[in-house]
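For reference, the chains in residue letters:
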Amino acid sequence: NPNLDYYASLYEKDVRVIFYNNYYVDAQFPKVTIADGQCADELVKRLTDAGHHHIAGIFVYDNYQGIEKYKGYVRALQKYGASYDDAYVKWVISDDTYDKKEFPKTLQKFLKAVPKCTAIVCCNFMILTMVLELLKKQGKEVPGDYSVVAFDFSDTDWTDSGITASIHPGYEMGLEVGKRIFQMIGDKEYKIHDYSYVFKPTIYDGWSIRNLGESAE
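Here's a quick rundown of the structure. Bear in mind the structure is a predicted one, so any value in this text is a computation, not a measurement.

### Some details on the pairing of strand β2 (residues 31-34)
And step 1. Note that strand β1 (residues 19-20) and β2 share two bridges and pair parallel. Looking at β2, one finds that Tyr 20 is bridged to Val 32.
And step 2. Both β2 and strand β8 (residues 197-199) contribute to a ladder of three bridges, which runs parallel. The residue of β8 that forms the bridge with Ile 34 is Phe 199.

As structure tokens, this is what we get:
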């Protein structure tokens with residue numbers, strides 16, 4: 001990342017910095033994050049337990065969080081005996097998801113190229129929203145035509161949405177970040193102490209996963 005030299009300068013000047021939700025791997029600062037690998041494991045397991053083997057994943061590649069989710073997705077597919085195929089993975093950049101004209105076309109082309117796909121893993125809430133809108137426009141139903149799960153559901157209506165997803169702990173994460181940055185400010189030796197924190201996933205089990213039973217390939 002082109003900004004790493006600036007973060008190195010802040011570190012040398014003893015400026016307290018803490019990352020949250022996302023971070024730079026090579027930066028020497030603590031971080032408050034979510035256990036994305038564990039989230040992926042729990043979401044994929046729910047799909048494989050329901051008989052899904054051809055599971056698509058849509059991930060962003062311009063932040064480390066998206067990469068960790070992808071790694072967890074791949075490990076979980078292998079762990080639970082589902083098929084892994086590059087064709088079932090769609091990589092996007094974050095800005096793509098704000099383009100309500102072109103992004104749905106990209107998603108439509110992607111899903112058309114994987115006709116055996118029965119389930120979709122969405123990297124974040126924005127991608128989930130676009131996927132649901134696209135399926136609705138195509139006359140497709142969740143979970144009848146596609147089972148859908150998502151990371152980081154960040155709205156407050158997860159029980160109404162019915163989407164099986166990890167719930168993003170936005171407020172709680174903010175509290176942890178605020179508490180830890182104040183502790184760092186008061187700690188002259190903060191560099192030798194670990195102020196990082198990892199949230200365990202909270203999974204809401206909705207009705208967005210269809211049980212394929214014996215019909216799964």
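### Some thoughts on helix α4 (residues 103-112)
And step 1. Every buried residue of α4 is listed here: Phe 103, Pro 104, Leu 107, Phe 110 and Leu 111. Each buried residue of α4 sits inside an arc of 120° when the element is viewed along its axis, so together they form one side. In this structure, α4 carries Lys 109 and Lys 112 as exposed residues pointing more than 90 degrees from its buried face.
And step 2. Tucked inside the fold, the buried residues of α4 contact β3 (55-60), β4 (89-92), β5 (119-122) and α5 (125-137).

### A few points about the side chain of Thr 164
And step 1. Mapped onto the elements of the fold, Thr 164 is located in strand β7 (residues 164-167).
And step 2. Polar side-chain contacts of Thr 164 include one of 3.0 Å to the backbone nitrogen of Gly 206.
And step 3. Excluding its chain neighbours within four sequence positions, the residues that come into contact with Thr 164 are Leu 43, Arg 46, Val 148, Val 149, Ala 150, Ile 203, Tyr 204, Asp 205, Gly 206, Trp 207, Ser 208 and Ile 209.

### Digging into helix α7 (residues 170-185)
And step 1. Compared with an ideal rise of 1.5 Å per residue, which puts 16 residues at 22 Å, α7 spans 23 Å between its outermost C-alpha atoms and is within 8% of the ideal.
And step 2. The inward-facing, buried residues of α7 abut β1, β2 and β8.

### Overview of the environment of His 52
And step 1. Along the chain, His 52 turns up in the loop between α2 (36-49) and β3.
And step 2. Residues His 52 and Leu 212, 160 residues apart in the sequence, show an inter-C-alpha distance of 6.8 Å.
And step 3. Residues in contact with His 52, not counting those within four places in the same chain, are Leu 47, Ala 82, Thr 118, Ala 119, Ser 147, Ile 209, Arg 210 and Leu 212.
And step 4. A polar contact is formed between the side chain of His 52 and the side chain of Thr 118, at a distance of 2.7 Å.
And step 5. Within the structure, His 52 has its side chain in polar contact with the backbone oxygen of Arg 210 (distance 2.7 Å).

### Side note on the pattern of salt bridges
And step 1. Tallied over the entire structure, the rule returns 10 salt bridges.
And step 2. The salt bridge involving Glu 42 is made with Arg 46; its shortest N-O contact spans 3.6 Å. Placement of both Glu 42 and Arg 46 in helix α2 is noted, with a separation of four residues, approximately one turn of the helix.
And step 3. Relative accessible area serves as the criterion here: at 21%, Glu 42 is assigned to the partly exposed category.
And step 4. Taking the shortest distance from any N to any O, the salt bridge between Glu 176 and Arg 180 comes out at 2.9 Å. Of this pair, Glu 176 and Arg 180 both sit in helix α7, four residues apart, roughly one helical turn.
And step 5. In the salt-bridge network here, residues are joined through shared partners; they are Glu 42, Arg 46 and Asp 205.

Reading guide: rules and limits
Residues numbered from 1 in each chain as written. Predicted model: local features only at pLDDT ≥ 70, side-chain atom pairs only at ≥ 80, totals over all residues. Heavy atoms only, no water. Pairing = 2+ DSSP bridges. Helix = DSSP H or I, 4+ residues; strand = E, 2+ residues; numbered from the N terminus. Buried < 20%, exposed > 50% of the residue type's maximum accessible area, 1.4 Å probe, protein only. Arc of directions from axis to C-beta. Contact = heavy atoms within 4.5 Å. Polar contact = N/O pair within 3.5 Å; in protein donor to acceptor, adjacent residues only side chain to side chain. Expected span 1.5 Å × (residues − 1). Salt bridge = Lys/Arg side-chain N within 4 Å of Asp/Glu carboxyl O.

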